[in-house]
Amino acid sequence: SQNSNILNSYRNTIFITVVGTLLTLAVTTLTAYPLSRPQLRGKAVYMTLLIFTMMFNGGLIPTFLLIRGIGLYNSLWALIVPTLVSAYYVILMISFFKSLSESLLEAARIDGANEGYMLLHLVVPLSKPILATIALFAAVGYWNSYFGAIVYLRDRSLWPVQLVLREI
């Protein structure tokens with residue numbers, strides 16, 4: 001029984017880590033790219049809101065009530081969704097995107113490429129170093145996190161390996 005608990009918890013942890021990391025990369029990229037473009041209107045407001053979230057979080061009780069209110073309580077998604085966007089990762093990626101050659105993007109624009117095409121076919125392939133860095137940070141964060149599981153998971157079959165090891 002103990003072995004099946006550990007195997008199931010490893011499955012849960014791997015799911016949380018892989019899915020969480022991939023979604024974090026996608027959401028971070030889709031957030032950082034527009035914020036790195038100089039022509040974005042209201043960029044100062046968006047950046048202020050982003051930095052505000054770095055300094056102040058919602059708190060445990062409001063976050064718990066939100067997770068329960070949107071139906072994620074006692075689900076593995078409760079461990080993934082709240083940490084999808086990290087202001088730190090977004091700022092890192094914005095800095096990297098700003099370092100890319102503007103003349104390359106301008107040449108693509110002249111050739112008729114839209115922003116989506118440039119993001120998928122130029123920016124993302126050139127961004128492998130920052131994507132790997134953020135993937136590593138995110139994966140380690142998802143793998144090591146256990147407090148969210150204590151708060152949001154009641155069902156023992158959903159526990160990640162960290163909670164099973166803590167109980168042992």
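Structure first, text after, so check above.
1. Focus: the overall build of the protein chain
Within the protein chain, the secondary structure is distributed over 10 helices and zero strands. Listing each helix as α and each strand as β along the protein chain from the N terminus yields α-α-α-α-α-α-α-α-α-α. Expressed along its principal axes, the backbone C-alpha trace of the protein chain runs to roughly 65 × 30 × 25 Å. Counting only contacts in the protein chain whose residues sit at least 6 apart along the sequence, the fraction spanning at least 24 positions is 78%. Total accessible area on the protein chain is roughly 10100 Å²; 67% of this is exposed by carbon and sulfur atoms. Within the protein chain, the 6 negative side-chain charges are centred at a point lying 10 Å from the centre of the 11 positive side-chain charges.

2. Some details on the nonpolar core
As a rule of thumb, nonpolar side chains are buried together in soluble globular proteins. Leu 79, Met 93, Phe 97, Met 118, Val 123 and Leu 153 are the most contacted members of the largest nonpolar core, which totals 41 residues. Counting only elements with at least two residues in this core, the list comes to helix H1 (2-36), helix H4 (77-80), helix H5 (87-99), helix H6 (102-110), helix H7 (115-126), helix H8 (128-144), helix H9 (147-152) and helix H10 (161-167). Residues in contact with Met 93, not counting those within four places in the same chain, are Thr 28, Thr 29, Ala 32, Ile 130, Leu 131 and Ile 134.

3. Focus: a nonpolar patch on the surface
Residues Ile 51, Phe 52, Met 54, Met 55, Phe 56, Tyr 88 and Phe 137 make up a contiguous nonpolar surface patch of roughly 750 Å² in combined accessible area. Ranked by the residues each element gives to the nonpolar patch, the list is headed by helix H2 (residues 43-55), at four residues. Within the secondary structure layout, Tyr 88 lies in helix H5. What makes Tyr 88 partly exposed here is its relative accessible area of 44%.

4. Comments concerning unusual backbone geometry
For Asn 74, which is not glycine, the phi torsion reads 60° and is therefore positive. For Asn 74, the position within the fold is in the loop between helix H3 (60-69) and H4.

5. Section: the packing of H5 against H8
Relative to each other, H5 and H8 sit at 170°, their axes nearing to 10 Å. Taken together, the axes of H5 and H8 are roughly antiparallel relative to one another. Contacts between H5 and H8 involve Tyr 88, Tyr 89, Leu 92, Met 93 and Phe 96 from the first element and Pro 129, Ile 130, Leu 131, Ile 134, Phe 137 and Ala 138 from the second. Among the residues forming the contact of H5 with H8, the class breakdown is 11 nonpolar, no polar and no charged.

6. A look at the pattern of salt bridges
Oppositely charged side chains are able to pair whenever their charged atoms sit close together. This model, assessed by the stated rule, comprises five salt bridges. For Glu 102, the salt bridge identified is with Arg 109, shortest N-O distance 3.9 Å. Judged by relative accessible area, which is 37%, Glu 102 ranks as partly exposed. For Arg 109, the salt bridge goes to Glu 115, with nearest N and O atoms at 3.4 Å. Ionic contacts of the salt-bridge type, sharing partners, join the residues Arg 37, Glu 102, Glu 106, Arg 109 and Glu 115 into one network.

Parameters at a glance
- Residues numbered from 1 in each chain as written.
- Predicted model: local features only at pLDDT ≥ 70, side-chain atom pairs only at ≥ 80, totals over all residues.
- Heavy atoms only, no water.
- Helix = DSSP H or I, 4+ residues; strand = E, 2+ residues; numbered from the N terminus.
- Contact = heavy atoms within 4.5 Å.
- Areas by Shrake-Rupley, 256 points an atom, 1.4 Å probe, with all protein chains shown as cover.
- Lys, Arg positive; Asp, Glu negative; His and termini not counted.
- Charge placed at Lys NZ, Arg CZ, Asp CG, Glu CD.
- Core = buried A, V, L, I, M, F, W, Y, C linked by side-chain atoms within 4.5 Å.
- Buried < 20%, exposed > 50% of the residue type's maximum accessible area, 1.4 Å probe, protein only.
- Patch = residues over 30% accessible without salt bridge, like charges linked within 9 Å, V, L, I, M, F, W, Y side chains within 5 Å.
- Salt bridge = Lys/Arg side-chain N within 4 Å of Asp/Glu carboxyl O.
- Axes fitted to C-alpha atoms, helices over the stretch in contact; angles between N-to-C directions.
- Parallel < 35°, antiparallel > 145°, perpendicular 65-115°, else oblique.
- Nonpolar A, V, L, I, M, F, W, Y, C, P; charged D, E, K, R; others polar.

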